Amino acid sequence: MTSTVLECGDATIETPLRDLLERYGLQLVMHPPGAALPGTWWGEPEAGIIGLAVHVRPDTPLHSALHEAGHLICMEPERRAALHTNAGGDDLEECGVCYLQILLADALPGVGRNRLMQDMDAWGYSFRLGSTARWFEGDADDARAFLRAEGLIDSHERPSFACRGGLEPARDATLRPTSQDATLPQNARPDPVR
């Protein structure tokens, strides 16, 4: 682990992260420094999840908050309704969560997918191709197909801002569109599922 990864308490991250989660109908709960984090599976300072809330502290890595939010987005409504700490799910869903957290980083000003993938590598995420970026570009077809099949991304790999199984996103007209809302990613491919 390293202290050079982006953290949720960064003044330029907390508000955009809160706004991003609200687009999904989720809540970011910021706890004070040193406070116990409810719902953390991996232990502090890793993010925790309970119900529709992602629990963080200022020292919680951003990648952890996005990962746990990804679990809330990717799980079935029945699991989400009873969620406390353990996201459960299978390997395919876990891959989808990892892929989605990278896409969500593009919605955060000053972060983006490349920085998030660097942080994931620095923290110790492990992929069989050796790095997060190599996995994302060359070994994540199953994750993309899962996210598309569940309606969580479109054929241009843009997040839908809806949770699996129909939890509607927040409809707040004051939210700014993300860069992904307006442009296609350079690596956009035709949708093989549809």
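Residues numbered from 1 in each chain as written. Predicted model: local features only at pLDDT ≥ 70, side-chain atom pairs only at ≥ 80, totals over all residues. Heavy atoms only, no water.

Participant: Help me understand the side chain of His71 in this model?
Facilitator: Counting through the fold element by element, His71 comes out in helix α2 (residues 62-74). Judged by relative accessible area, His71 falls into the buried class, the value being 5%. For His71, the contacting residues outside a window of four places in its chain are Ile49, Ala87, Glu93, Glu94 and Val97. (Helix = DSSP H or I, 4+ residues; strand = E, 2+ residues; numbered from the N terminus. Buried < 20%, exposed > 50% of the residue type's maximum accessible area, 1.4 Å probe, protein only. Contact = heavy atoms within 4.5 Å.)

Participant: Would you mind showing me how to read unusual backbone geometry here?
Facilitator: Peptide bonds are, in most cases, trans, and in most cases residues other than glycine have a negative phi. Of note, the amide linkage connecting Glu44 to Pro45 takes the cis form, showing an omega dihedral of 10°. Along the polypeptide, Pro45 turns up in the loop between β1 (27-30) and β2 (48-50). Phi at Phe161 takes a positive value of approximately 60°, unusual for a residue other than glycine. Mapped onto the elements of the fold, Phe161 is located in the loop between α7 (141-149) and α8 (179-182).

Participant: It is not clear to me how the packing of α2 against helix α4 (residues 91-105) should be interpreted in this structure. Could you clarify?
Facilitator: At a closest axis distance of 8 Å, the pairing of α2 and α4 adopts a crossing angle of 125°. With respect to each other, α2 and α4 are oriented oblique. You can see that α2 and α4 cross each other, and the crossing is right-handed. Seen from α2, the contacting residues are His63, Leu66, His67, Gly70, His71, Ile73 and Cys74; seen from α4, they are Glu93, Glu94, Gly96, Val97, Cys98, Leu100, Gln101, Leu104 and Ala105. Broken down by class, the residue content of the contact of α2 with α4 amounts to eight nonpolar, six polar and two charged. (Axes fitted to C-alpha atoms, helices over the stretch in contact; angles between N-to-C directions. Parallel < 35°, antiparallel > 145°, perpendicular 65-115°, else oblique. Left-handed = near helix turned anticlockwise from the far one by under 90°. Nonpolar A, V, L, I, M, F, W, Y, C, P; charged D, E, K, R; others polar.)

Participant: Where do I start with the packing of aromatic side chains in this structure?
Facilitator: Any aromatic ring pair is given by two values, namely how distant the centres are and how the planes are angled relative to each other. Enumeration over the complete set of coordinates arrives at four aromatic pairs. On the basis of an interplanar angle of 50° and a centroid distance of 5.4 Å, the ring pair of Tyr24 and Phe161 is categorised as tilted. Placement of the pair is Tyr24 in the loop between α1 (14-23) and β1 and Phe161 in the loop between α7 and α8, with a sequence separation of 137 residues. Taking the relative accessible area as the measure of exposure, Tyr24 reaches 1% and is therefore buried. Ring centres 4.3 Å apart and planes at 20° place the aromatic pair Tyr99 and Phe136 in the stacked group. Separated by 37 residues along the polypeptide, Tyr99 in helix α4 and Phe136 in helix α6 (residues 132-138) bring together distant segments of the chain. One aromatic cluster is present, formed by Tyr99, Phe127, Trp135 and Phe136 through successive ring pairs. The ring of Phe161 carries the charged tip of Arg23 above its face, separated from the ring centre by 3.8 Å. (Phe/Tyr/Trp six-rings, centres within 6.5 Å; stacked < 30°, edge-to-face > 60°. Lys NZ or Arg CZ within 6 Å of the ring centre and 35° of its normal.)

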